[in-house]
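Spelled out from the first residue to the last, the chains are:
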Amino acid sequence: MNAKGDLIARLVSLGLGTPTFEAEAHGPAHERTFHVKVWSSGQVIATAEGRTKKDAERLAAELALRELDGSDAPPVPAAPATPIAQQSEPWPIYAQVLAEAVEAAMEFAREDATLDEVRRDAGRFYRELLADLGHGPDA
């Protein structure tokens, strides 16, 4: 499970945009802990703590997904055959393809990459894949 990628895909598919992960480090270097807040639509949807920033972000994303699952939010289909959201943008949103693009961007990201850099790469991967499949705005 790629909790961050799944959360990003879920929120985008619900029309809520991409979440923001806000991390704060506490304590000396040898005992550092990270506190992470996940923001969506101007509100905190989950918080978590971990020994590494990556672990804290993953846990916060997992908690946010659980929160979404417990709410009245509609579930995201695993592999939609048609776009699940078609907003004013010319690119259709396919949740599973977007989740895979995010996962690939995270896998290939530098260790010190920012979330914005990962988002940018994921968007590029997603657009290139859809264009290769003939699903871009010119299709």
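Residues numbered from 1 in each chain as written. Predicted model: local features only at pLDDT ≥ 70, side-chain atom pairs only at ≥ 80, totals over all residues. Heavy atoms only, no water.

This part covers the sheet that holds strand S3 (residues 43–50). As summarised here, the arrangement of the 3 strands in space is S1-S2-S3, forming an open sheet in which the pairing is antiparallel. This sheet does not close on itself; its edge strands, each paired only once, are strand S1 (20–26) and S3. The sheet shows a mean angle of 20° between the axes of neighbouring strands, direction not considered. When S1 meets strand S2 (residues 33–40), the two strands line up antiparallel, connected through 7 bridges. Paired with alanine 23 across the bridge in S2 is valine 36. Against the sheet, helix H2 (residues 53–70) touches S1, S2 and S3, its axis set at about 135° to S3. (Pairing = 2+ DSSP bridges. Helix = DSSP H or I, 4+ residues; strand = E, 2+ residues; numbered from the N terminus. Axes fitted to C-alpha atoms, helices over the stretch in contact; angles between N-to-C directions. Contact = heavy atoms within 4.5 Å.)

The next thing to look at is unusual backbone geometry. Here the phi dihedral of serine 41 falls at roughly 50°; this positive angle occurs in a residue that is not glycine. Secondary-structure assignment places serine 41 in the loop between S2 and S3. Owing to a relative accessible area of 55%, serine 41 belongs among the exposed residues under this scheme. (Buried < 20%, exposed > 50% of the residue type's maximum accessible area, 1.4 Å probe, protein only.)

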